[in-house]
Amino acid sequence: MTTDQNFTLAEQLDRDDPLHKFRSRFYIESENTIYLDGNSLGRLPLRTKELLSEVIEKEWGTELIESWNRHWYQKTTQLGDKIAPMIGASNGEVIISDSTSINLYKLSHAALNLQKGKTTIVSDALNFPTDLYILQGLLKEFGPEYKLNLAQTNDGISIETEELKSKITENTALVVLSLVAFKSAFMYQLEEITEYAHKMGALVLWDLSHAAGAVEIELNKSNADLAVGCTYKYMNGGPGSPAFLYVRKDLQDKLSSPIQGWFGDALPFEFDLNYRPAQGIRRFLAGTPPVLNLMAIEPGIEMINEAGMATIHQKSIRLSEFFHSMVASQLKNYGFEAGSPTEPEKRGSHISLKHVEAYRICQALIQPKTSTIKIIPDFREPDNIRFGFTPLYTTYKEVWQTVHRLREIIENKEYEQFSTQRSDVT
Ligand SMILES: *Cc1c(COP(=O)(O)O)cnc(C)c1O
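Within each chain, residue numbers correspond to sequence positions counted from 1 in written order. Only residues with pLDDT of 70 or above have their local features reported here, since the model is predicted, and side-chain atom pairs are shown and tallied only from 80 upward, although totals for entire chains, interfaces and linings are computed over all residues. Here the side-chain values reflect all heavy atoms present in the structure, with hydrogen atoms and water set aside.

Colleague: Which residues make up the domain arrangement of the chain, and what are the values?
Modeller: Domain delimitation follows an automatic or database domain assignment. What the domain assignment lists for the chain is domain 1 (3–46 + 308–417) and domain 2 (73–306). A separation of 29 Å is found between the C-alpha centroids of domain 1 and domain 2. On the domain 2 side, the residues contacting the 37 residues of domain 1 number 28 residues. Within this document, salt bridges are pairs made up of a side-chain nitrogen of Lys or Arg and a carboxyl oxygen of Asp or Glu, the two lying within 4 Å of each other. The interface formed by domain 1 and domain 2 includes two salt bridges. Linking Lys21 and Glu306 is a salt bridge whose minimum nitrogen-to-oxygen distance equals 3.6 Å. It only takes one pair of heavy atoms within 4.5 Å for two residues to be counted as in contact.

Take a look at the structure:
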């Protein structure tokens, strides 16, 4: 297809898009900015802007401490119940608490204790660093007989199922995996891995940070044990919004949080001097949540539930397939290489392209000197540009424009005007 034919197709796809109406519910300062980093920090829902001023003025400003009973105290479980359908979980299995890193620590620690006697943890070489750092810390805490075994990657993009399975043995206490890999977007078959790990007597903890709100997830149907994930990525909860955690119902009262804070106590306001873990999911709370960030999560979740995960996932696939086909036809021989799996069922909602000049191309997209279009993807070392497609607000026309800009940047060598010096946050 020529670039003009692709443009006509993009316009057609936007007109037919069942999620078209959601874009206008986000704060979009300029139509000339194409935001493809919703997998790292989601856009601001307009309702959140309004809601936060209400929370600040009415709840904090006017109702002060009374707001705890009226609005805040139950919010962690109420929002958990709203996230549950998005990830195929049930009421009472999900709660908002702390950060993803801390939740990963709490649940891994609890799982290792439940599995006393088994001393290996399995993860993979594509996992997000914080996940591996937390596990390395747990090894120190649990003792020298504990080991972390990482499944390796052949191509830097995916992990073969057989390779992962070969690491899981009868001595495996816990398998910790990101459902969608942060760099390549490689996605595991959640049900197959969970079933295999269970057969070997291991528990599985899924990190859903790059998956929740973008792809369909069936935790209950897959009999998944544990999960954690961010709310500031595809859920649009805002910078630093607290994370969620999931524990399957029958496991909840068998697991103990290593951080025995008062919010996880059965009756925090009795101020008893001895900790008694709450029944159910609340026992995984630690202390007071960041209330403003917590309250900001709701509008993003409600939009996702209104749109429905099946429709969202379908559009994610269509956006990325459109991007793939345009890259194949328009950027052939421009030095780009695939950094993500080509099959949509093996991928989350972003696509990485590799290029030796990836960093400077990224800079040229973000700070255009000649074009009026600013495009924000992100760069991941050493040579990946990640393009995140957020079905609620990314349009097919934006995908078209992105490939068009990439072509311009390479043809005019625009990247040469930038330095290779990295900023603090890339
Ligand atoms: C984004 C992300 C995190 C971030 O964890 P924080 O504790 O919120 O900083 C963790 N794990 C994965 C897989 C992620 O994608």
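Colleague: Give me the packing of helix 12 (residues 309–330) against helix 14 (residues 396–411): which residues, what numbers.
Modeller: With their axes 10 Å apart at the nearest point, helix 12 and helix 14 run at an angle of 25 degrees to one another. By the criterion of interaxial angle, the relationship of helix 12 to helix 14 is roughly parallel. Remark: the crossing between helix 12 and helix 14 carries right-handed chirality. Between helix 12, through Lys315, Arg318, Leu319, Phe322, Phe323, Met326, Val327 and Gln330, and helix 14, the contact on the second element is made entirely by Tyr396, Val399, Trp400, Thr402, Val403 and Arg407. Convention adopted: a line fitted to C-alpha atoms gives each axis, helices being fitted over their contacting stretch, and angles between N-to-C directions are expressed from 0 to 180 degrees. Note on conventions: DSSP H or I runs of at least 4 residues are helices, E runs of at least 2 residues are strands, and numbering of each starts at the N terminus. With respect to orientation, any angle under 35 degrees is reported as roughly parallel, any angle over 145 as roughly antiparallel, any angle of 65 to 115 as roughly perpendicular, and every other angle as oblique. Helix crossings are classified by the rotation of the near helix relative to the far one: an anticlockwise turn of less than a right angle makes the crossing left-handed, while a clockwise turn makes it right-handed.

Colleague: Please provide a residue-by-residue account of the sheet that holds strand 2 (residues 94–96), values included.
Modeller: Following DSSP output, two strands are said to pair if at least two bridges run between them. Overall, mixed pairing links the seven strands, which are arranged 2-8-7-6-5-3-4 in an open sheet. In this open sheet, the two strands that pair with only one neighbour each are strand 2 and strand 4 (147–151). On average, each strand axis in the sheet is inclined to that of its neighbour by 20 degrees, with strand direction left out of account. Across five bridges, the pairing between strand 3 (residues 120–124) and strand 4 is parallel. Bridging across to strand 4, Thr120 finds its partner in Lys147. Packing against the sheet, helix 4 (residues 75–83) makes contact with strand 2 and strand 8 (244–247), and its axis sits at approximately 130 degrees to strand 2. Across the sheet, helix 5 (residues 100–114) is in contact with strand 3, strand 5 (172–178), strand 6 (203–207), strand 7 (226–229) and strand 8; its angle to strand 7 comes to roughly 165 degrees.

Colleague: So what about the pattern of salt bridges? Which residues, and what values?
Modeller: By the definition in use, this model includes 33 salt bridges. Between Arg70 and Glu66 there is a salt bridge; the shortest N-O distance is 3.2 Å. Between Asp378 and Arg380 there is a salt bridge whose closest N-O contact spans 3.6 Å. Just as Asp378 is buried, Arg380 falls in that class too. Linked through salt bridges whose partners overlap, the residues forming this network are Lys58, Glu63, Glu66 and Arg70. The classification of residues rests on relative accessible area computed with a 1.4 Å probe and restricted to protein chains. Under 20% of the type maximum is buried, over 50% is exposed, and intermediate values are partly exposed.

Colleague: For a nonpolar patch on the surface, give the residues involved together with the corresponding values.
Modeller: Distance thresholds for patches are 9 Å for like charges and 5 Å for nonpolar side chains (Val, Leu, Ile, Met, Phe, Trp, Tyr), applied to residues having over 30% relative accessible area and no salt bridge. Accessible surface is estimated by sampling points in the Shrake-Rupley manner with a 1.4 Å probe; for residues, cover comes only from the protein chains shown. Together, Ile56, Trp60, Leu64, Ile65 and Leu292 give the surface a local cluster of nonpolar side chains, amounting to about 510 Å² of exposed area. Turning to its location among the elements, Ile65 is positioned in the loop between helix 2 (46–63) and helix 3 (67–72). Look at Ile65 and you get exposed, because its relative accessible area is 69%.

Colleague: Describe the sheet that holds strand 9 (residues 337–338), with residues and values.
Modeller: On the basis of which strands lie adjacent, the open sheet formed by four strands has the order 9-10-13-12 and antiparallel pairing. The open sheet is flanked by strand 9 and strand 12 (378–380), the only strands paired with a single partner. Of the pairings in the sheet, the one linking strand 12 to strand 13 (residues 384–388) comprises three bridges and is antiparallel in character. Residue pairing across strands places Phe379 opposite Ile385, the latter belonging to strand 13.

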